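# Structural overview
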Amino acid sequence: MTAGLKTIIYPVKDVARAKAVFSALLQTEPYADEAYYVGFKDAGQDVGLDPNGHARGMTGPVPYWHVDDIRARLAALLDAGAELLQDVTDVGGGKLIASVKDADGNLIGITQDS
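Attention here is on the structure that accompanies the text. (Residues numbered from 1 in each chain as written. Predicted model: local features only at pLDDT ≥ 70, side-chain atom pairs only at ≥ 80, totals over all residues. Heavy atoms only, no water.)

All right, on to the overall build of the chain then. Counting its secondary structure elements, the chain contains two helices and eight strands. Each helix and strand of the chain, ordered N terminal to C terminal, gives the series β-α-β-β-β-β-α-β-β-β. Computed over its C-alpha atoms, the radius of gyration of the chain comes to 14 Å, within 12% of the 13 Å expected for a compact globule of 114 residues. Overall size of the chain, expressed as C-alpha extent along the three principal axes, is 40 × 25 × 20 Å. Burial analysis of the chain (114 residues in total) assigns 36% to the buried set. (Helix = DSSP H or I, 4+ residues; strand = E, 2+ residues; numbered from the N terminus. Rg over C-alpha atoms; globule rule 2.2 N^0.38 Å. Buried < 20%, exposed > 50% of the residue type's maximum accessible area, 1.4 Å probe, protein only.)

The structure is reproduced here in structure tokens:
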């Protein structure tokens, strides 16, 4: 089972402009504001801006499913025919992420909190 979709990451080319747009949309300042990632929290959702997303194959926003065992879930996705885009990576604070592409080219992210 999953804990649902709680995170969406947008690949951005101009992080400063994207940060201004999302600050205006969400009417809040980011909780994380780094050169490599800007994160907002709104209504129980994490909204992230990734200036390196396009270089990693992100073609648009990627929803991240929250799971209990990321390695087992990634293995199940790969066994089902998904294509690996990003192996399990620790992005800080014990948060793990991975992503795959399904047969139709849709990007699927999974994440596990520590």
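Read on for the rest.
In total, this model carries two aromatic pairs according to the counting rule given. When the centroid spacing of 5.0 Å and the interplanar angle of 50° are considered together, the rings of tyrosine 10 and phenylalanine 22 count as tilted. Here tyrosine 10, found in strand S1 (residues 2–11), pairs with phenylalanine 22, found in helix H1 (residues 15–26); they are twelve residues apart in sequence, far enough to count as distant. Among the residues examined, phenylalanine 22 registers a relative accessible area of 13% and is labelled buried. A connected cluster of aromatic rings, assembled from ring pairs, spans Tyr10, Phe22 and Phe40. A cation sits over an aromatic face here: lysine 41 above tyrosine 31, 4.4 Å from the ring centre. (Phe/Tyr/Trp six-rings, centres within 6.5 Å; stacked < 30°, edge-to-face > 60°. Lys NZ or Arg CZ within 6 Å of the ring centre and 35° of its normal.)

On to the pairing of strand S4 (residues 45–50). Of all six residues that make up S4, five are buried, and the element is covered over most of its length. As paired strands, S1 and S4 are joined by five bridges and run parallel to one another. Within S4, the residue paired with threonine 7 across the bridge is aspartate 46. Relative to S4, strand S3 (residues 37–42) runs antiparallel, the two sharing five bridges. Paired with phenylalanine 40 across the strands is valine 47, a residue of S4. Count of turn residues in the S3/S4 antiparallel hairpin: two residues, of which alanine 43 carries a positive phi of about 50°. (Pairing = 2+ DSSP bridges.)

Turning our attention to the nonpolar core. Counting nine residues, the largest nonpolar core consists of Val67, Ile70, Leu74, Ala82, Val88, Leu96, Ala98, Val100 and Ile110. When residues of this core are traced back to their parent elements, those giving at least two are helix H2 (70–79) and strand S7 (96–101). Here this core gets three residues from one element, more than from any other, and that element is S7. Leucine 96 has contacts with Ile70, Arg71, Val88, Thr89, Asp90, Ile110, Thr111 and Gln112, leaving out every residue within four places of it along the chain. Formed by eight residues, the second largest nonpolar core is a distinct cluster that contains Val12, Ala18, Leu26 and Phe40. (Core = buried A, V, L, I, M, F, W, Y, C linked by side-chain atoms within 4.5 Å. Contact = heavy atoms within 4.5 Å.)

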